[in-house]
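Summary of structural features
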Amino acid sequence: MPNEVKGLNEECGLFGIWGSTNAAQLTYDGLHSLQHRGQEGAGIVSNNHGEFKRHRGLGLLAEVFADPAKMAHLTGTAAIGHVRYATAGNHGVENIQPMLFDHPEVTQFALAHNGNLTNADQCRQELSALGVEFQATSDSELLGELVQTSQAPQFIDQLKASLNHVRGGFAYLMMTPTMMIAALDPNGFRPLVIGRMDDGAIVICSETCALDQVGATFVRDVEPGELIIVNDDGISVDHFTTDTHLAICSMEYIYFARPDSIIRGVSVHEARKRMGATIAKEAPVDADVVIGVPNSSLSAAIGYAQASGIHYDMGMIKNQYVARTFIEPTQAKRARGVSMKLSVVKSVVAGKNIVLVDDSIVRGTTSQYIVRLLKRAGAKSVHVRIASPVLKFPCYYGIDIQTTKELIGANYTVDQIRDQIGADSLAYLSVDGLVNAIGPLNDSENHGLCTAYFDGQYPTPLYDYQAGFDAEVARLGLYEGAN
Ligand code: SF4
């Protein structure tokens, strides 16, 4: 399902390169393959012998850089870039990254951020008390301001102190005139990878699909707590903390990442196929054909079909050429977006008992619409299988659902949801099934994964969000019997 229709949005995508004569163009190409992580705005900063040049704007990458002069302006042998979807801050161009900061030692630095800070309010108050005037309203600026106001003696120490001050989910990509720097939060909520071009240029980006796009070879994942520094001498590894506990976002595997990406050694496509295969075993059904909701559910639908022995067919198609509907993501716009984006292949579904595989249900309106479409096209019955557990809890680490009011799974039982969406049956993948489908990433209690969306087991304290979460829990208690 296209992100802007489902209303479940990743915050951002990052791409940076050091040591290439084609730095800005490769950054553009890399960001293009990360467009699924953010469609609201894009920006690139290039580094020409220490002189920074920036272009940024609202919209898709191709729209922001439609004028060739904008790319031609971005000269130099290093660049970092960003595609954005806002989870915090308003939708103005001042929040489009990378952001630029002056600094007495390194002269200036550029900064791009993927994630969401859980102590942003507290940091903002502290910085305001120091007289800081903010450039923008998003969280992403805070690290830069913390560096600028740090009392530590040197830039790298200031950066380490600041990284230890912020909390929550963060993957940062930064650039000074003489180095590119990447840092990942102590839980490693977001993916971040290092690659190398044939000519020796170093790439750091959100997903391996961007390495493939520019022809870079995967070197390794950035580890939680690491500070990766790239300069003309190569890569060096430092740490801002060693107190780390991997909890990578399981929604990256379920929905956000591109299926051709590999996250921490696990192919996203293969993990989704295993999720589909597992729900086929957990909730079998007698049916004639398996179909998936395009595009992010197709891998899971293939897995379901392979495990169940029921044949897979292309029962729905997605119109790729519909204008974006996300800028004001209202329910009415989403509904219209779904109707323009999805169509049923009647010959596949008419007179058949259908297994409809989807990756998640957020509000339920999209599922209701799709089931209706299938029945209108003559489906005898529609059995919905969701290749992820029930979404019940808010996410505070970089996804834009921060209240359970929006989540149908937090407010109704599975049977009630089945009735609301008009399906003949409905089943979700279990949390254990999800963890095993991804493949436990380590032998810790949480298997290296964050599953808080499903089980409320947040890997960190919630800081600014604790009071809101407590209120959600109190409210959820009202529905305890219904869940
Ligand atoms: S709460 Fe959910 S969406 Fe947020 S980081 Fe954890 S698994 Fe991902």
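Since we're looking at a predicted model, the values are computed, not measured.

Notes on the overall build of the chain
- If you tally the helices and strands in the chain, you get 19 helices and 23 strands.
- In terms of principal-axis extent, the alpha carbons of the chain reach across some 70 × 50 × 40 Å.
- Counting all 483 residues of the chain, 60% fall into the buried class.
- Residue pairs at least 24 apart in sequence account for 71% of intrachain contacts in the chain once pairs closer than 6 positions are excluded.

Concerning the site of the ligand
- Near the ligand the following residues occur: F189, R190, C249, S250, M251, C395, Y397, I399, C450, A452 and Y453.
- If you map the ligand onto the pockets, it falls in the largest cavity.
- Among the residues forming the shell around the ligand, the class breakdown is 9 nonpolar, 1 polar and 1 charged.

Some thoughts on the pairing of strand β1 (residues 12-18)
- Burial within β1 is extensive, with 7 of its 7 residues counted as buried.
- Neither face of β1 is exposed, since C12, L14, G16 and W18 on one face and G13, F15 and I17 on the opposite face are all buried.
- Note that β1 and strand β4 (residues 78-84) share 7 bridges and pair antiparallel. Bridging from a neighbouring strand, W18 pairs with A78 of β4.
- Where β1 meets strand β10 (residues 202-205), 4 bridges bridge the pair, whose relative direction is antiparallel.

What about the pattern of salt bridges?
- Tallied over the entire structure, the rule returns 14 salt bridges.
- Here R37 ties to E207 by a salt bridge, and the two come within 2.7 Å at their closest N and O atoms. Residue R37 is found in the loop between α2 (23-32) and β2 (41-48), and its partner E207 is found in the loop between β10 and α8 (208-214); the two are separated by 170 residues along the sequence. Pair check on accessibility: R37 and E207 agree, each one buried.
- Its salt-bridge partner being E270, residue K273 comes within 3.5 Å of it at the nearest N-O pair. Of this pair, K273 and E270 are both found in helix α10 (residues 268-282), 3 residues apart, which corresponds to roughly one turn of the helix.
- Relative accessible area serves as the criterion here: at 33%, E270 is assigned to the partly exposed category.

Digging into the packing of α10 against helix α11 (residues 298-308)
- Put simply, α10 and α11 touch, their axes get as near as 6 Å, and they point 45° apart. Considering the angle they form, α10 stands oblique to α11. Handedness of the α10/α11 crossing: right-handed. Contact with α10, carried on its side by H269, R272, K273, G276, A277, I279 and A280, involves S299, A300, I302, G303, Y304, Q306, A307 and S308 of α11 and no other residues of that element.
- Across the contact of α10 with α11, the residue classes break down as 7 nonpolar, 6 polar and 2 charged.

Let's talk about the environment of A307
- When you line up the elements, A307 lands in helix α11.
- Remark: the alpha-carbon pair of A307 and K273, spanning 34 residues in sequence, is separated by 9.4 Å.
- In this view, A307 contacts A277 and A280; residues no more than four positions away in its chain are not counted.

Comments concerning the sheet that holds strand β8 (residues 179-184)
- Read across the open sheet, the 6 strands follow the order β5-β6-β7-β8-β12-β13; overall the sheet is antiparallel. The sheet is open, and its two borders are formed by β5 (99-103) and β13 (234-239), each paired with just one other strand. Geometrically, the sheet is characterised by an average inter-axis angle of 20° between neighbouring strands, direction not taken into account.
- Together, β5, β6 (107-117), β7 (168-176), β8, β12 (226-231) and β13 form the strand contacts of helix α7 (residues 155-165), whose direction differs from that of β8 by roughly 20°.

Concerning the UniProt feature "active site" (unreviewed entry) in the chain
- UniProt records the feature "active site" (unreviewed entry) for C12 in the present numbering.
- According to the relative accessible area criterion, C12 is buried, its value standing at 0%.
- The residues contacting C12, other than those within four sequence positions of it, are R37, H82, V83, R84, Y85, H113, N114 and S206.

Basis of the calculations
- Residues numbered from 1 in each chain as written.
- Predicted model: local features only at pLDDT ≥ 70, side-chain atom pairs only at ≥ 80, totals over all residues.
- Heavy atoms only, no water.
- Helix = DSSP H or I, 4+ residues; strand = E, 2+ residues; numbered from the N terminus.
- Buried < 20%, exposed > 50% of the residue type's maximum accessible area, 1.4 Å probe, protein only.
- Contact = heavy atoms within 4.5 Å.
- Near = heavy atom within 4 Å.
- 1 Å grid on protein atoms, 1.4 Å probe; cavity = no way out; pocket = protein on both sides within 12 Å on 5 of 7 lines; lining within 4 Å.
- Sits in = over half its atoms within 2 Å of the grid points.
- Nonpolar A, V, L, I, M, F, W, Y, C, P; charged D, E, K, R; others polar.
- Pairing = 2+ DSSP bridges.
- Salt bridge = Lys/Arg side-chain N within 4 Å of Asp/Glu carboxyl O.
- Axes fitted to C-alpha atoms, helices over the stretch in contact; angles between N-to-C directions.
- Parallel < 35°, antiparallel > 145°, perpendicular 65-115°, else oblique.
- Left-handed = near helix turned anticlockwise from the far one by under 90°.
- UniProt positions renumbered as here; feature names shortened; annotations may be inferred.

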